[in-house]
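Structural features, examined
Chain by chain, the residues:
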Amino acid sequence: MKTDYDVIVIGAGPGGSMAARKCAEEGLDVLLIEKRQEIGSPVRCAEGVSKKGLQKFVNPQKKWIAAEIRGAKIYSPDGTEIVMSEEMAGSEVGYVLERKIFDRYLARLSARAGAEVLVKTRATGFERENDIMKVKMVHFGEQIDYTAKIIIGADGVESKVGRWAGIDTTLKLSEVESCVQYLLSGIELDPEYCLFYLGNNVAPGGYVWVFPKGEREANVGIGVLGSRVDRRPKEYLDEFIKKSYPGGKPVEMVVGGVPVKGEIETAVSDNVMLVGDAARHTDPITGGGIINAMEAGVYAGEVAGIAVEKGDYSAQTLSLYDEKWKSTIGKTIARNAILKDKFVTFTDDQLNSLAKALEGVKLEDLGVTELIRRIITKNPKLLWDIKDLFLKAR
Ligand SMILES: Cc1cc2nc3c(=O)[nH]c(=O)nc-3n(C[C@H](O)[C@H](O)[C@H](O)COP(=O)(O)OP(=O)(O)OC[C@H]3O[C@@H](n4cnc5c(N)ncnc54)[C@H](O)[C@@H]3O)c2cc1C
């Protein structure tokens, strides 16, 4: 059995599988390891992605698409509805995936490209010896040590690779959304719209989502900012479901965290790159991280190819990866972190006024000037309250 690789990718989520696939396409010897015995399961995700984002990396396939979505409806605390087309609605609206199948499909693509894949294999640490990384792993209960020139840490929100490599990815309570979600069956809903509910009593510092998964079934979940709640997220969600979907039957439940920290300073150190949730690549406003993880995975694979070609795995060479993700996904992440910090301070009255100003508007036709005009007409004071949004978002 081969034990020496150019690259070992730790974690077979969307970020890790895309990184492994790109490494293999670059002609590298790559191993993808996953601690769970089934890639993609259990799912800790609402499974929404934008069509455009997804199509940059894979051709959509019926077997892993649970629902095709036309747009989003956003509800302010007083029930005012804003309707957005799918193109306008951000990183989570377009398809609702079946991630159990999707994640496995991505891992299979990496294997087809030439990556080796080991499941039920958990990385437990690594050491650097003469510029080579010795990765300690437990494979089916047995301790094994493999070596690699480069490690790509794609081990998700609870990433240990970042910590082992001395990369600062720490999250404060105010920088992580605590999420709970049910797969709710037996409910009446429009299967073509994702719904988002805002409000300080509904989901402080976050939102409730309803993402349809075909007929009479949806991922119904909540994300709240730990620093802004006095109850457990499940209590808020149960309250919402009791009111909105009293007949709904939860057939699955997941809990998890979503980083909303914004850009980290660097996602590299000597011999190591972090991708996806491990590098806090989620969008701070929507919480969407699937597409960003995939994109970051591709950049990490490209840079691994360059580093191996040069025979130089130093942080300085790998910083090209920082340049790549910061100049692309990083721009939106940084901007949306600023917007999120402002949004979470909105009172319910402000959210209602903003929604009223936008009610019935075709948002794709709305420029900033028209938006300001509408807000002034509906509620001049609101424009003063939210001026930072315009100043900071530029
Ligand atoms: C409740 C919830 C809802 C969400 N909804 C959406 C949504 O609708 N749309 C969206 O775009 N994003 C959503 N997200 C975020 C999205 O799930 C993540 O951004 C995405 O999965 C990140 O991909 P990743 O590859 O970085 O990490 P992950 O998908 O988390 O994959 C990491 C993998 O690493 C493995 N691993 C961890 N440690 C080790 C180790 N030591 N050794 C080996 N393997 C290891 C894990 O088992 C896992 O398979 C949601 C998140 C949550 C919690």
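All values reported here derive from a predicted model rather than from experimental measurement. Numbering of residues starts from 1 in every chain and runs along the sequence as written. Since the coordinates come from a predicted model, pLDDT governs what is reported: local features require at least 70, and pairs of side-chain atoms require 80 or more to be given and counted, while whole-chain, interface and lining totals use all residues.

**A look at the overall build of the protein**
Counting its regular elements, the protein contains twelve helices and 18 strands. Only C-alpha atoms enter the radius of gyration; for comparison, a globular chain is expected to reach 2.2 Å times N to the power 0.38, where N is the number of residues. What you see for the protein is a C-alpha radius of gyration of 22 Å, in line with the 21 Å of a compact globule of 394 residues. In terms of overall dimensions, the protein has C-alpha extents of about 65 × 45 × 40 Å along its principal axes. Partly exposed residues are those whose C-beta has more than 12 but fewer than 20 other C-beta atoms within 10 Å; 20 or more makes a residue buried and 12 or fewer makes it exposed, with C-beta atoms placed from the backbone. Expressed as a percentage of its 394 residues, the buried residues of the protein come to 49%. Of the contacts made within the protein by residues no fewer than 6 positions apart, 72% connect residues no fewer than 24 positions apart. Put simply, DSSP marks the helices as runs of H or I at least four residues long and the strands as runs of E at least two long, and each gets a number from the N terminus on. Note on contacts: residues are paired as contacts if their backbone-placed C-beta atoms lie within 7 Å.

**Re the sheet that holds strand S5 (residues 71-75)**
If you walk across this open sheet you meet the seven strands as S6-S5-S13-S14-S15-S12-S16, and the pairing is mixed. What marks the edges here is a single partner per strand, and that holds for strand S6 (81-85) and strand S16 (249-259). Averaged over all pairs of adjacent strands, the angle between their axes in this sheet comes to 20 degrees, without regard to strand direction. Criterion used throughout: strands pair if DSSP finds at least two bridges between them. With five bridges joining them, S5 and strand S13 (residues 193-197) adopt parallel strand pairing. In the strand pairing of S13, Ala 72 is matched with Cys 194. The axes used here are C-alpha line fits, helices contributing only the stretch in contact, and every angle between their N-to-C directions lies in the interval 0 to 180 degrees. Here helix H5 (residues 233-244) sits on the sheet in contact with strand S12 (176-185), S13, strand S14 (207-212) and strand S15 (217-225), set at roughly 135 degrees to S15.

**A short note on the sheet that holds strand S4 (residues 65-68)**
Through backbone hydrogen bonds, the strands of a sheet pair up, either in parallel or in antiparallel fashion. An order of S3-S7-S4 is seen for the three strands of this open sheet, with the pairing classed as antiparallel. For this open sheet the edge positions go to strand S3 (48-50) and S4, each flanked by a neighbour on one side alone. Across the sheet, the mean angle separating the axes of adjacent strands is 30 degrees when strand polarity is ignored. Relative to strand S7 (residues 94-97), S3 runs antiparallel, the two sharing three bridges. Bridged to Ser 50 within S7 is Gly 94.

**Considering the pairing of strand S9 (residues 121-129)**
Bridge analysis of S9 against strand S10 (residues 132-139) gives eight bridges, and the strand direction is antiparallel. Paired with Gly 125 across the bridge in S10 is Lys 136. The turn linking S9 back onto S10 is made up of two residues, and Asn 130 within it adopts a positive phi angle of 50 degrees.

**So, the site of the ligand**
Residue proximity rests on one test: whether the C-beta atom, placed from the backbone, lies within 6 Å of the molecule or strand. Around the ligand there are 40 residues in total, and Gly 11, Gly 13, Gly 256, Gly 276 and Gly 289 lie nearest to it. For the shell around the ligand, a count of residues per class yields 15 nonpolar, 15 polar and ten charged. For each domain, the first and last residues come from an automatic or database assignment. For the shell around the ligand, the domains that each give at least three residues are domain 1 (4-44 + 100-169 + 262-326) and domain 2 (65-96 + 172-259). Residue type decides the class: Asp, Glu, Lys and Arg count as charged, Ala, Val, Leu, Ile, Met, Phe, Trp, Tyr, Cys and Pro as nonpolar, and the leftover types, Gly among them, as polar.

**Things to note about the domain arrangement of the protein**
Partitioning the protein into domains gives domain 1 (4-44 + 100-169 + 262-326), domain 2 (65-96 + 172-259) and domain 3 (343-393). Between domain 2 and domain 3, the residue contacts involve 16 residues of the former and ten residues of the latter. Here the side of domain 2 that touches domain 3 is built from residues that sort into six nonpolar, six polar and four charged.

**A short note on the packing of helix H6 (residues 290-310) against helix H7 (residues 315-326)**
For the pair H6 and H7, the least separation of the axes is 9 Å and the interaxial angle reads 155 degrees. It follows from the interaxial angle that H6 and H7 lie roughly antiparallel. Classified by chirality, the crossing of H7 by H6 is right-handed. Here H6 contributes Ala 296, Tyr 299, Ala 300, Val 303, Ile 306, Ala 307 and Lys 310 to the contact with H7, which in turn contributes Thr 317, Leu 318, Leu 320, Tyr 321, Lys 324 and Trp 325. Its residues assigned to classes, the contact of H6 with H7 comprises ten nonpolar, one polar and two charged. Note that the term roughly parallel is reserved for angles under 35 degrees, roughly antiparallel for angles over 145, roughly perpendicular for angles of 65 to 115, and oblique for everything else. Helix crossings get a hand from a simple test, with the near helix turned counterclockwise from the far one by less than a right angle marking a left-handed crossing and a clockwise turn marking a right-handed one.

**Some details on unusual backbone geometry**
Going from Ser 41 to Pro 42, the amide bond is cis rather than trans, its omega being 0 degrees. Along the chain, the position of Pro 42 falls in the loop between strand S2 (30-33) and S3. Even without a glycine there, the phi angle at Arg 216 is positive, about 55 degrees.

**As for the environment of Leu 318**
By secondary structure assignment, the location of Leu 318 is in helix H7. Sequence spacing of Leu 318 and Val 260 is 58 residues, and the spatial spacing of their C-alpha atoms is 24 Å. Each residue touching Leu 318, except ones within four places of it in the same chain, is listed here: Val 268, Met 273, Val 303, Ala 307 and Tyr 313.

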